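What the coordinates show
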Amino acid sequence: MDIYEVFRKRHSYREYTDQPIPMDALERMGEAVSLAPTACNLQPFEIQVVVNDELRAKIASVYPRDWLKSAPAIAIAIGDRGTAWKRAEGNSILDVDIGIVLEHFVLAAQAEGLGTCWICAFNRAEMDAALGVTGTEKTVVAITPVGYPKEEKSSDQRPDRKPLNEIYRII
Ligand SMILES: Cc1cc2nc3c(=O)[nH]c(=O)nc-3n(C[C@H](O)[C@H](O)[C@H](O)COP(=O)(O)O)c2cc1C
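Keep in mind that what you see is a predicted model, and the values were worked out from it rather than measured.

Overview of the pattern of salt bridges
Under the defined criterion, the tally for this structure stands at five salt bridges. The salt bridge involving Glu-112 is made with Arg-28; its shortest N-O contact spans 2.7 Å. Of this pair, Glu-112 sits in the loop between α5 (94-111) and β3 (115-116) while Arg-28 sits in helix α2 (residues 23-34), placing them 84 residues apart in sequence. We classify Glu-112 as partly exposed; its relative accessible area is 24%. Residues Arg-56 and Asp-53 are paired through a salt bridge, measuring 2.7 Å at the closest nitrogen-oxygen approach. Of the two residues, Arg-56 and Asp-53 both sit in helix α3 (residues 53-62), three residues apart, roughly one turn of that helix. Note on Arg-56: relative accessible area 15%, which makes it buried. Bridged by salt links that share partners, the residues Asp-24, Arg-28 and Glu-112 form one connected network.

Comments concerning the site of the ligand
Residues in close proximity to the ligand total 13 residues, the closest being Arg-10, Ser-12, Tyr-63, Trp-118 and Arg-161. Tyr-63 is positioned such that a nitrogen or oxygen atom in its side chain is 2.9 Å from a nitrogen atom of the ligand. Measuring from an oxygen atom of the ligand, one finds a side-chain N or O atom of Arg-161 at 2.8 Å. Protein chains bury 65% of the 620 Å² of accessible surface belonging to the ligand in isolation. Of the residues in the shell around the ligand, the class split is eight nonpolar, two polar and three charged.

Overview of the layout of surface pockets
Of the pockets and cavities examined, the largest pocket occupies roughly 150 Å³. Lining the largest pocket, in full, are Ile-21, Met-23, Leu-26, Met-29, Gly-30, Val-33, Ile-47, Val-49, Val-51 and Phe-105. Of all the elements in the fold, those that place two or more residues in the lining of the largest pocket are α2 and β1 (45-50). Per element, the largest residue contribution to the lining of the largest pocket is five residues, and it comes from α2.

A look at a nonpolar patch on the surface
A cluster of nonpolar side chains, contributed by Leu-164, Ile-167, Tyr-168 and Ile-170, occupies part of the molecular surface with about 510 Å² of accessible area. Position of Ile-167 among the secondary structure elements: in helix α7 (residues 164-167). Residue class for Ile-167 comes out exposed when judged on its relative accessible area of 53%.

Here's the deal with the nonpolar core
Counting residues in hydrophobic clusters, the biggest one holds 23 residues, and the most contacted among them are Ile-21, Met-29, Ile-47, Leu-102, Phe-105, Leu-114 and Val-146. Put simply, the parts of the chain that give this core at least two residues each are α2, β2 (73-80), α5 and β4 (138-147). For this core, the element with the most residues is α5, which contributes seven residues. Once residues within four sequence positions are removed from consideration, Leu-102 is found in contact with Ile-47, Ala-77, Trp-118, Ala-142 and Thr-144. Judged by nonpolar contacts, the second largest core, of 22 residues, contains Leu-68, Cys-117, Met-127 and Val-133.

What about the pairing of β2?
Across the eight residues that make up β2, a large majority, eight, are buried. Both faces of β2 are covered, namely the face carrying Ala-73, Ala-75, Ala-77 and Gly-79 and the face carrying Ile-74, Ile-76, Ile-78 and Asp-80. In this structure, β1 lies alongside β2, joined through six bridges in antiparallel fashion. Looking at β2, one finds that Gln-48 is bridged to Ile-76. Direction of pairing for β2 relative to β4: antiparallel, over a ladder of eight bridges. Opposite Ile-74, over in β4, you have Pro-145 as the bridge partner.

Criteria and cut-off values
Residues numbered from 1 in each chain as written. Predicted model: local features only at pLDDT ≥ 70, side-chain atom pairs only at ≥ 80, totals over all residues. Heavy atoms only, no water. Salt bridge = Lys/Arg side-chain N within 4 Å of Asp/Glu carboxyl O. Helix = DSSP H or I, 4+ residues; strand = E, 2+ residues; numbered from the N terminus. Buried < 20%, exposed > 50% of the residue type's maximum accessible area, 1.4 Å probe, protein only. Near = heavy atom within 4 Å. Polar contact = N/O pair within 3.5 Å; in protein donor to acceptor, adjacent residues only side chain to side chain. Areas by Shrake-Rupley, 256 points an atom, 1.4 Å probe, with all protein chains shown as cover. Nonpolar A, V, L, I, M, F, W, Y, C, P; charged D, E, K, R; others polar. 1 Å grid on protein atoms, 1.4 Å probe; cavity = no way out; pocket = protein on both sides within 12 Å on 5 of 7 lines; lining within 4 Å. Points joined across faces, edges and corners; volume = space filled by probe spheres on them. Patch = residues over 30% accessible without salt bridge, like charges linked within 9 Å, V, L, I, M, F, W, Y side chains within 5 Å. Core = buried A, V, L, I, M, F, W, Y, C linked by side-chain atoms within 4.5 Å. Contact = heavy atoms within 4.5 Å. Pairing = 2+ DSSP bridges.

Remember, this is a structural readout, not a statement about activity or role.
Right under this line is the structure:
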């Protein structure tokens, strides 16, 4: 699929079928993750695709939404504050790295016909504890369900975007 087609087809999906995801699709998506750029190529992340029922239930207890439970997999993006590159003034670049890496995963999922939905609105300490990411510099930055959407969305179901001339300029 052409990359612009992937951009147009991607939506945030909040309802999934229980159809399992083929392992070869998940493997190809792993290649997309590994090709993502990170600051100084430090790769301070791990993407875990959780298919285990017990772990998915734990994740859904921290971000309690029925639609999250409907997905056959949930990907979690764990960032490592200890190894991420820092600007000279000390700010960590971790969230930028994770943004790029998880979006590679999301777009690769779309190319495989799978739906996703970025989720950040969870309590990080609770999510870290639920997944056993504790006592380290690591933390869960974002998660996304992965699965076949119950109904594919059309472009008119996309939340409105700002006019292009407000957000993109060639100067
Ligand atoms: C960084 C980020 C965090 C988000 N967090 C949540 C979230 O916690 N829960 C949720 O339902 N959607 C979340 N979203 C999805 C946005 O609401 C969605 O991308 C936006 O409304 C545009 O819709 P679209 O993705 O269908 O184009 C998040 C998206 C991004 C990029």
